[in-house]
Amino acid sequence: MSERSVKAEALTFELVKDAEIFRSYHFDEGLHAFRPAPRQYAAVLELLVDGQTLLSVARKADLVVGYVIATPADPRERWGNTPIAPLLRDTSVEVSKSYRHGGTARRTLGAMVEAGALEPYIAFATCFSWHWDLSETNGDPWRYREMLYNVFAPYDFVLTPTNEPNLTESPVNMLLVRYGSGVDAEVRETFQALCRDTSRDPY
Ligand SMILES: CC(C)(COP(=O)(O)OP(=O)(O)OC[C@H]1O[C@@H](n2cnc3c(N)ncnc32)[C@H](O)[C@@H]1OP(=O)(O)O)[C@@H](O)C(=O)NCCC(=O)NCCS
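Residues numbered from 1 in each chain as written. Predicted model: local features only at pLDDT ≥ 70, side-chain atom pairs only at ≥ 80, totals over all residues.

Asker: Would you explain the overall build of the protein in this entry?
Answerer: Scanning the protein from terminus to terminus reveals 7 helices and 8 strands. Relative to the globule expectation of 17 Å for 203 residues, the C-alpha radius of gyration of the protein, 17 Å, shows essentially globular dimensions. With respect to the principal axes defined by its C-alpha atoms, the protein has extents near 50 × 40 × 30 Å. Counting over 203 residues, the protein shows a buried share of 34%. Here the analysis covers contacts within the protein between residues at least 6 apart in sequence; of these, 68% occur between residues at least 24 apart. (Helix = DSSP H or I, 4+ residues; strand = E, 2+ residues; numbered from the N terminus. Rg over C-alpha atoms; globule rule 2.2 N^0.38 Å. Buried ≥ 20, exposed ≤ 12 C-beta atoms within 10 Å, placed from the backbone. Contact = placed C-beta atoms within 7 Å.)

Right under this line is the structure:
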């Protein structure tokens with residue numbers, strides 16, 4: 001087992017339901033893929049307090065080294081400003097650099113899925129290459145994409161075609177989607193139609 005896998009073994013993976021519990025944790029400073037760690041911590045806390053967001057973490061005692069967050073769809077984005085928006089959760093993942101590779105991201109996502117938290121929702125991950133730390137794959141975005149796919153695919157996220165303009169901006173971007181067991185066929189079809197709705201394409 002590699003040194004990194006040993007680190008992952010020593011972590012606790014859990015769904016965090018309570019903002020008060022999250023307040024007793026802090027973020028590892030290596031969690032800065034989206035914004036600096038203290039600001040990201042504050043943003044996650046605010047979302048959790050709001051009650052619409054799902055969060056799972058990988059932590060060592062009170063130090064969070066990875067998280068998966070599933071937030072309501074942004075109303076400015078294609079899926080957000082629609083009647084099915086309450087049934088959607090936009091999912092993203094981050095692991096601090098020294099805790100990567102050992103399955104940390106996958107197991108953090110696993111904590112959310114295995115708790116059943118995503119079952120009422122269509123969870124989607126908009127994977128934009130401009131958020132990626134390509135040093136992980138020697139600058140190769142396609143290998144990075146495959147790695148990311150390997151985080152989500154074991155939990156039934158499927159690669160989904162779309163003409164959403166931000167996603168089509170780069171061929172390496174991808175949309176991954178998971179249909180919760182509580183999502184009925186009509187909602188599923190509406191979501192799939194939205195993915196390829198040319199009337200929403202500004203070009
Ligand atoms: C993407 C990210 C969350 C992955 O975290 P991680 O803890 O390394 O992921 P995991 O270890 O769970 O990886 C899942 C699989 O990919 C493999 N993997 C991880 N990093 C890899 C790498 N650099 N090269 C090849 N394979 C890799 C793992 O070994 C595992 O493979 P397996 O299924 O054969 O066991 C992490 O790199 C990160 O935080 N990056 C910055 C933020 C980011 O890109 N977020 C996604 C935004 S769309």
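Let's pick the thread back up.
Asker: Help me understand the site of the ligand in this model?
Answerer: Neighbouring residues of the ligand: 22 residues in total, closest A33, R100, T104, A105 and R106. Counting only elements with at least two residues in the shell around the ligand, the list comes to β5 (88–95), α4 (104–114) and α5 (141–152). For the shell around the ligand, a count of residues per class yields 9 nonpolar, 8 polar and 5 charged. (Near = placed C-beta within 6 Å. Nonpolar A, V, L, I, M, F, W, Y, C, P; charged D, E, K, R; others polar.)

Asker: Can you walk me through the environment of Y155 in this structure?
Answerer: Among the secondary structure elements, Y155 is positioned in the loop between α5 and β7 (158–159). Assessed through the 18 C-beta atoms surrounding it within 10 Å, Y155 is described here as partly exposed. With 79 residues separating them in the primary sequence, Y155 and R76 have C-alpha atoms 27 Å apart. Contact partners of Y155, with chain neighbours within four places excluded, come to L109, G110, V113 and R178.

Asker: Can you walk me through the pairing of strand β6 (residues 122–127) in this structure?
Answerer: A regular strand carries its side chains on alternate faces of the sheet. With 6 of its 6 residues buried, β6 lies for the most part within the structure. Burial of β6 is two-sided: the residues I122, F124 and T126 facing one way and the residues A123, A125 and C127 facing the other way are all buried. Examined bridge by bridge, β5 and β6 share 3 bridges and lie parallel to one another. Residue pairing for β6: D90 is matched across the bridge by F124. The β-α-β motif built from β5, the intervening α4 and the parallel element β6 has right-handed crossover chirality. (Pairing = 2+ DSSP bridges. Right-handed = clockwise from strand over helix to strand, strands pointing away.)

Asker: Teacher, can you tell me more about the environment of G66 here?
Answerer: Along the polypeptide, G66 turns up in strand β4 (residues 63–72). It is 8.4 Å that separates the C-alpha atoms of G66 and F27, two residues lying 39 residues apart in sequence. Beyond its immediate chain neighbours, meaning those up to four positions away, G66 contacts V57, A58, E94, V95, S96, Y99, T104, A105 and T108.

Asker: Quick question: what am I supposed to make of the environment of L45 here?
Answerer: As for its placement among the helices and strands, L45 is situated in helix α3 (residues 37–50). Taking the C-alpha atoms as reference, L45 lies 7.2 Å from F22; in sequence the two are 23 residues apart. Excluding residues that lie within four positions of it along the chain, L45 makes contacts with A19, F22 and R23.

Asker: What exactly am I supposed to notice about the nonpolar core here?
Answerer: Soluble globular proteins tend to pack their nonpolar side chains together in the buried interior. Core analysis: the largest hydrophobic core is formed by 48 residues, its most contacted members being L55, L109, M112, I122 and L176. Within the residue set of this core, elements represented by two or more residues are α3, β3 (54–60), β4, β5, α4, β6, α5 and β8 (174–179). Ranked by the residues each element gives to this core, the list is headed by β4, at 6 residues. Aside from chain neighbours lying at most four places away, what touches M112 is L15, L54, S56, V68, A70, A117 and L118. (Core = buried A, V, L, I, M, F, W, Y, C linked by C-beta atoms within 7 Å.)

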